[in-house]
Amino acid sequence: MGKSNGLRKFLSFHKLGENRGTPRLWLESQRLALLGFAVGDLYQVETLSRSVRLRVSASGTYQVAKRRAAGGLRPIIDLANRSLLEPLAQWQEIKVSGSSGLLQIEPSVRAFAIQKQRAARPPWRTLEIFSGGGTLSAAIAQHRDFHLVAGVEIDPRYADVWQATHRGALLIQADVRRLHPSEFPSHDILVAAIPCTSHSMLGRAKKSLREKPELGDSGDLFLSVATVVATHLPLACIFENVPSFATALAGQTLAHHLRQLGYHVTQAILDPHRRWNGPQDRKRWVMVATLKEGFELRAPNIPFTGDLSAILDPPSEQDQSDAKRIAGSIEALRRHRERHRALGHGFGFSTINHQSTRVPTIVRSYHKINVGPFVETAFGLRLMRKHEVEKLMGCNIECKHYTTAIEILGQGVQTAVFANLLSQLADFLRA
C-alpha cells in the first residue's frame, strides 16, 4: 500500500461529471500518490449527509486506477455510483480537500451560495449600482416582488435625489471601483445601468476612443460589477447600456464571464417606440443573467401609434417666456446648421409638436440647448419642461432644479419598459 511522501494538504475544485445518467467523480493527479493514494492502493468510501469521504484502507473495496501520461503513471480515482455520490449530485461545484490518506469531498462555498440564492423567495433584496437619480429604481419600487435595499452612486447631486425617494434604503456614495465586494450589502438581485459615457458613439468620438471604449474614464466599470457578481452570486442580474455596448469588448467579456460563473445569459436591444408602445425613440441594450435556466425577454411588439398631446402642455402664455429665454441659442443653432449644410455636413436639431408621433432621444445635456428636440409653439421653440420629460420617461424625479433633473432623466431608462421587464423576471423566478 502506498505511503504519504510529505504532502500535507490537497485542495481542488470540480464539477461532478456524469456517465450514462449516473453521477461520476474523476480525480486525476500525481499529488494523489503523494497524499497516499498511489496506483493500485485500496480505499473505502463513506457517504455522509452532504459529503463523501475517501480513506486509504487495506480492506477497502475500491482501487486507485491509473493512466499513462507524460511523466509516467498518473493515479486516478474514478467513482460512478449513484448511491455513493447522491449527496453531491445536486451541487454545481464540489471541493476536494485532503490530508495524509484521506479525501473529503463536499459542496464548495460557491455551490452553497448558488443553492441558497436559488431557494430565495420574494420579495427579493435588490441592489442597484450606478443608481443615478432613480429612473430604474422607480421601476423596482413599483413591484412588490423586489425590495430595494441599497444603491450606489458617485455624484452627490444624484445621490441626494435617489435617497429622497428611497429613504428606507442604504445609499452608498462612492466610486464602485473603490469598494471592496464585502462592503456591498447582501442581495438577491443586482441591477446595474452601467454608465455609457465611454461606450456611446458620441462618447467614443468626443474622447477619441474609437474601438477602445474600455479605456475611457468609465469604460472599465463593468469589471467592478463583475467582481461583485462573482462574490455575491445573486439570483439574477440586469445590466443596461447603449446598443453598441453589446458588441464592444466590455459587453462580450461581461457576458462570457457570467456564463463561466454559471449564469444563463439573455441579451436584447430594447426598441421602445417600435415594440414597447413608447413615444420616445430610445434604444437600449439589456442583458439578464439568471442562475436558473430558461428566461426569455418578450417584447409586447406594440408600436407607438399615438401623438404627444398627453405629454406636452396645451399652448399657454408661458410658451412666450420659455421661447424668448432660449431664442438667442436657437438662432445660433440655426446659423450653425446653415454653415454645416454649406460644407455638406449633417448637423441639425429636431423639433416636436402635439401631433408628433415620435420623440428623439432626450440626452443628458438636453438643458444645454444643443440638438433638441425642441417644442414648437406660436412664439418659437422652447425646451421641454421637467414634468413633460418625466411623463415621457415614465417617472417623477424628486428634484426642483431643472438641470439636475434633466441630467438624471436624460441618462436614465424608460421606467415603464423596465417595469415590464421586472414583471417578466419575477414571473420566471417565482415559477
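Everything here concerns the structure above.
Residues numbered from 1 in each chain as written. Predicted model: local features only at pLDDT ≥ 70, side-chain atom pairs only at ≥ 80, totals over all residues. Heavy atoms only, no water.

Take the state of the cysteines next. A complete count under the given rule lists zero disulfides for this structure. Its sulfur unpaired, C399 is 12 Å from the next cysteine sulfur, which belongs to C395. By relative accessible area, which is 13% here, C399 ends up buried. (Disulfide = S-S within 2.5 Å. Buried < 20%, exposed > 50% of the residue type's maximum accessible area, 1.4 Å probe, protein only.)

Right, let's talk about the sheet that holds strand β7 (residues 65–69) for a bit. Strand order across the open sheet formed by four strands is β2-β3-β8-β7, with antiparallel pairing between neighbours. The two strands at the open ends of the sheet, each matched to only one other strand, are β2 (17–19) and β7. Each adjacent strand pair in this sheet contributes to an overall mean axis angle of 40°, direction not counted. Looking at chain direction, strand β3 (residues 22–28) and strand β8 (residues 72–79) are connected through four bridges and run antiparallel. (Pairing = 2+ DSSP bridges. Helix = DSSP H or I, 4+ residues; strand = E, 2+ residues; numbered from the N terminus. Axes fitted to C-alpha atoms, helices over the stretch in contact; angles between N-to-C directions.)

Tallied over the entire structure, the rule returns eight aromatic pairs. Aromatic pair W124 and F146: ring centres 5.6 Å apart, planes at 50°, arrangement tilted. Of this pair, W124 sits in strand β11 (residues 124–129) while F146 sits in strand β12 (residues 146–152); the two residues are 22 residues apart in sequence, bridging distant segments of the chain. W124 sits in the buried class, given a relative accessible area of 0%. Both rings, one in F349 and one in F374, keep their centres 5.8 Å apart while their planes meet at 70°; by these two values the pair is edge-to-face. One end of the pair, F349, is in the loop between α10 (318–342) and β19 (351–352); the other, F374, is in strand β21 (residues 374–377), with 25 residues separating them in the sequence. This pair shows no difference in class: F349 is buried, exactly as F374 is. (Phe/Tyr/Trp six-rings, centres within 6.5 Å; stacked < 30°, edge-to-face > 60°.)

With that settled, consider the nonpolar core. I129, L190, I194, F239, L258 and Y263 are the most contacted members of the largest nonpolar core, which has 36 residues in total. Elements with a contribution of two residues or more to this core: β11, β12, β14 (189–193), α7 (221–232), β15 (236–241), α8 (249–261) and β18 (284–290). Ranked by residue count, the leading element in this core is α7, at six residues. Dropping the residues within four chain positions of it, I129 is found in contact with V152, V176, F184, L190, V191, A192, A193 and V228. (Core = buried A, V, L, I, M, F, W, Y, C linked by side-chain atoms within 4.5 Å. Contact = heavy atoms within 4.5 Å.)

It is worth stressing that arrangement in space is one thing and function is another; only the former is reported here.
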